[in-house]
There are 2 protein chains.
Amino acid sequence: MPIQSRATLHDVARLAGVSAKTVSRVYSGSPRVLPETRERILAAAKRLRFRPNTVARNLRQGGKTDTVAFVMGDIHNPFYFHVAAGIEQELAKGGFTMLWASTGDAPDSEPVVVDALLSQLVRALVLIPIAGDQSYLEGERQLGTPIITVDRPATDLVADTVVLANRSGMADAVRSLTANGHRKIGFVSNPSEMYTLSERLAGYRQALMEAGVADSTPWERLGNDPSITPESQVRSLLDSSDPPTAIVTGNNRATMGALRELRTREDPVALIGFDDFELAEMLGISVVAHDPVELGRAAGRLALERIEHHGGPIRRIELPTRLVKRGSGEIPAPTG
Amino acid sequence: MPIQSRATLHDVARLAGVSAKTVSRVYSGSPRVLPETRERILAAAKRLRFRPNTVARNLRQGGKTDTVAFVMGDIHNPFYFHVAAGIEQELAKGGFTMLWASTGDAPDSEPVVVDALLSQLVRALVLIPIAGDQSYLEGERQLGTPIITVDRPATDLVADTVVLANRSGMADAVRSLTANGHRKIGFVSNPSEMYTLSERLAGYRQALMEAGVADSTPWERLGNDPSITPESQVRSLLDSSDPPTAIVTGNNRATMGALRELRTREDPVALIGFDDFELAEMLGISVVAHDPVELGRAAGRLALERIEHHGGPIRRIELPTRLVKRGSGEIPAPTG
DNA sequence: CTGTTAGCGCGTTCAG
DNA sequence: CTGAACGCGCTAACAG
């Protein structure tokens, strides 16, 4: 129950004894107002606690807002929060605010959520794709709304994208292991997003191929079944007749699982995880590190650029990863 | 460069051969439209790729939007992301989207950022206070905008708030230590937010008092100086002439620091951390756990309730913590 | 069940 | 330098 209602441009104008337009000029930074008039207006505005109505302004200005939408899926993965933070950081620099919504990991709800945001006339859409395809965005794209996907490319839609160097990052890790004599290297992932997983798997296979291992499938545990934990995957690997001497993981979660299982074992097994994590340094875990915040920043910058100058070729930005050697990945293969 | 411009209600009306108002009715869920007419309208809308303009609708409906603002400071602390996730989750249920902005840890920018969001006519404001006081929000409060603070109360402003049971949570931890014979218990915190720190410190002191320790100041390391790391605080404690036999930490970060330092030591020191973390179970670290997502959810629900029925008494929700014993906190005090 | 009129709060256009 | 009229896209209030 508002004690008083919100003051409008007109209220301020009336109190200051000028027309609404003059007040408007003051707030749109037009210099063509007498300093004295301006003072009077600002004083009146302050008394009335006037705040310009951005909604009305946006409507008048051709439905342009100063917001950018960000849609993500899995709300429990810290990785995406860092991405979100990076996006928000860059947008803020450009004077935009971020409208954030999540699809709650339900692929079907992606179009619904995205639609709700688009109807708010956001100036750009940053999206971590989760639905099977993004063709439903084709219309919006043609209307000129910049669309940027992060972490993975869109399917059936031409859009800018910012991704990690998943393939080469994983290949670096595996090469480092083969250089230490390893040939039997396990690949463990929990069920996760297809694109990143397949890229990392490809990097793994490629590096093994280079080292003369043509078929790595016996050591691959891709976690296609959601009911299988990374721990149990590691367990099945180590308990097999020909256990690996090293393990790489497909992501953060899988690394945690592997750690838990390896803790219970005697034999040293080399481990390199994908994604860095807070205690990795203390625990001496080698990882393929990257900067999730930077991923977001790059997407945010891309959004701002697109808002400025529409058009131009589609861009694909691939951010580098960095192999951080902390010990766990540098255990040499047992000889003989 | 838009290939075509956005279709409006009128465009759809023209194509369907009806009036704008009828189209409007279809989109506002009014049942009073002939199924046949509705079909024709929806077909036309689809052809034109029409999407209702939420901005215009909001303006017409008295400047009401379907957004809620969330403002936080420190963008690097995962804790707040979980809070954000909780808020967003609840808001989505009520059909609201979250406008997210951060102040980048600069207390002075809080009013600026908040103002920018309020000018977008958000229906409620959820805030993690960072500025010295929130009296600048008094005007907005009188206009009827619900304001909810999370993690700490507002200063100089009457507002609903959702906080943790910081004091009793910490007291529980300390009591558990004193029950195991500890009396010399260190309190380590990195420089952090005043409110939570002082509450937790109060709980610590109270529990020690109950155990007969009147003055705990020699074992308190509050991290007032930002240049001092938690590690070095722990070091100074353990290297003192009368070192503690147990340590409690003021938050997540301090726990990490303590862990790093304790790793390098021989003598067992009991440790209980405030805030849970991913590897705590694997590492056997006892903690005062709580659910940051639930903190956000509670705030989100509060916002929705306030939007529904303004008025009523101010509410303060205190969420419980849970002492999770994993070993590190159950090391008994050395006898003699 | 459907159409007409008016106007949300602001900014653009064109006069003064 | 300032003001009056008009309309952004949509919906409330009234007709019919």
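Note that the structure is a prediction, hence the values are computed from the model and not measured.

Visitor: Before we go on, may I ask you to explain the protein's contact with DNA strand D in this structure?
Guide: Around DNA strand D sit 23 residues in total, of which Thr22, Thr37 and Arg60 of chain A together with Leu9 and Arg57 of chain B are the nearest. At a separation of 3.0 Å, a phosphate oxygen of DNA strand D approaches a polar backbone atom of Asn53 of chain B. Take Arg60 of chain B: an N or O atom from its side chain is 3.0 Å from a base oxygen of DNA strand D. Contributing elements (two or more residues each) for the surface near DNA strand D: helix 2 (20-27) and helix 4 (54-60) of chain A together with helix 1 (9-16), helix 2 (20-27) and helix 4 (54-60) of chain B. Its residues assigned to classes, the surface near DNA strand D shows eight nonpolar, eight polar and seven charged.

Visitor: Looking at this structure, how should I read the interface of chain A and chain B?
Guide: Where interface size is given, it is often the accessible area lost as the parts come together that is meant. Contact with chain A, which involves 54 residues of that partner, is made by 56 residues of chain B. When the two sides are added together, the surface that chain A and chain B hide from each other amounts to roughly 5400 Å², 62% of it contributed by carbon and sulfur. By the criterion of area lost to chain B, the three top residues of chain A are Arg51, Trp100 and Leu143 of chain A, representing 13% of everything that side buries. Remark: the boundary between chain A and chain B carries six salt bridges. Put simply, Arg6 of chain A and Glu140 of chain B hold a salt bridge, and the shortest N to O gap is 3.2 Å. Sorting the residues of the side of chain A that touches chain B by element identifies helix 4, helix 5 (78-93), strand 2 (97-102), helix 6 (109-118), helix 7 (138-142), helix 11 (252-263) and helix 12 (280-283) of chain A as the ones contributing at least two each.

Visitor: Got a minute to help me understand the protein's contact with DNA strand C in this structure?
Guide: Around DNA strand C sit 23 residues in total, of which Leu9 and Lys21 of chain A together with Thr22, Thr37 and Arg60 of chain B are the nearest. Backbone atoms, meaning sugar plus phosphate, form 58% of the atoms of DNA strand C positioned within 4 Å of the protein. In the model, a phosphate oxygen of DNA strand C is placed 2.5 Å from a nitrogen or oxygen of the Leu9 of chain A main chain. In the model, a base nitrogen of DNA strand C is placed 3.0 Å from a nitrogen or oxygen of the Arg60 of chain A side chain. For the surface near DNA strand C, the elements supplying multiple residues, two or more each, are helix 1 (9-16), helix 2 and helix 4 of chain A together with helix 2 and helix 4 of chain B.

Visitor: What am I meant to see in the side chain of Thr37 of chain A here?
Guide: On the secondary structure map, Thr37 of chain A appears in helix 3 (residues 35-48). Excluding its chain neighbours within four sequence positions, the residues that come into contact with Thr37 of chain A are Val18 and Thr22 of chain A.

Visitor: Teacher, can you tell me more about the relation of the copies chain A and chain B here?
Guide: Think of it as a corkscrew move, a rotation about one axis and a shift along it, taking one chain copy to the other. Once chain A has been moved 0.1 Å along the axis and rotated by 180°, it coincides with chain B to within an RMSD of 0.2 Å. Accordingly, the operation relating the two chain copies is best matched by a two-fold axis. The rotation axis passes nearest to the C-alpha of Leu99 of chain A in chain A, at a distance of 2.3 Å. A symmetric contact is evident, with 100% of the interface residues of chain A recurring at the interface of chain B.

Visitor: Explain the pattern of salt bridges to me, please; I cannot follow it from the model alone.
Guide: As a working rule, side chains carrying opposite charge can pair if their charged atoms are close by. For the coordinates displayed, the defined rule picks out 48 salt bridges over all chains. For the salt bridge of Arg301 of chain A with Glu294 of chain A, the shortest nitrogen-to-oxygen distance reads 2.7 Å. A relative accessible area of 32% means that Arg301 of chain A is categorised as partly exposed. Residue classification places Glu294 of chain A among the partly exposed positions, given a relative accessible area of 22%. Note that Glu90 of chain B and Arg301 of chain B form a salt bridge whose closest N and O atoms lie 3.5 Å from each other. Residue Glu90 of chain B is found in helix 5 (residues 78-93), and its partner Arg301 of chain B is found in helix 13 (residues 292-308); the two are separated by 211 residues along the sequence. Through salt bridges with shared partners, one network takes in Glu90, Lys93, Glu294, Arg297 and Arg301 of chain A.

Visitor: Help me understand the packing of aromatic side chains in this model?
Guide: Both the distance between ring centres and the angle between the ring planes are used here to describe each pair of aromatic rings. Scanning the model with the defined rule gives 10 aromatic pairs over all chains in all. Ring centres 5.2 Å apart and planes at 80° place the aromatic pair Phe79 of chain B and Tyr80 of chain B in the edge-to-face group. Taking the centre distance of 5.0 Å and the plane angle of 55° together, the rings of Phe187 of chain B and Tyr204 of chain B count as tilted. With Phe187 of chain B in strand 6 (residues 185-188) and Tyr204 of chain B in helix 9 (residues 194-210), this residue pair connects regions lying 17 residues apart in the sequence. Neither Phe187 of chain B nor Tyr204 of chain B differs from the other in exposure class; each is buried. Site record: aromatic cluster; members linked through ring pairs are Phe81 and Trp100 of chain A together with Phe81 and Trp100 of chain B. Note that Arg200 of chain B overlies the ring of Phe274 of chain B, its terminal NZ or CZ placed 3.8 Å from the centroid.

Thresholds, definitions, all that
Residues numbered from 1 in each chain as written. Chains lettered and ligands numbered in written order. Predicted model: local features only at pLDDT ≥ 70, side-chain atom pairs only at ≥ 80, totals over all residues. Heavy atoms only, no water. Near = heavy atom within 4 Å. Polar contact = N/O pair within 3.5 Å; in protein donor to acceptor, adjacent residues only side chain to side chain. Helix = DSSP H or I, 4+ residues; strand = E, 2+ residues; numbered from the N terminus. Nonpolar A, V, L, I, M, F, W, Y, C, P; charged D, E, K, R; others polar. Contact = heavy atoms within 4.5 Å. Buried area = accessible area lost by both parts, 1.4 Å probe. Salt bridge = Lys/Arg side-chain N within 4 Å of Asp/Glu carboxyl O. Least-squares fit on C-alpha atoms with pLDDT ≥ 70 in both. Buried < 20%, exposed > 50% of the residue type's maximum accessible area, 1.4 Å probe, protein only. Phe/Tyr/Trp six-rings, centres within 6.5 Å; stacked < 30°, edge-to-face > 60°. Lys NZ or Arg CZ within 6 Å of the ring centre and 35° of its normal.

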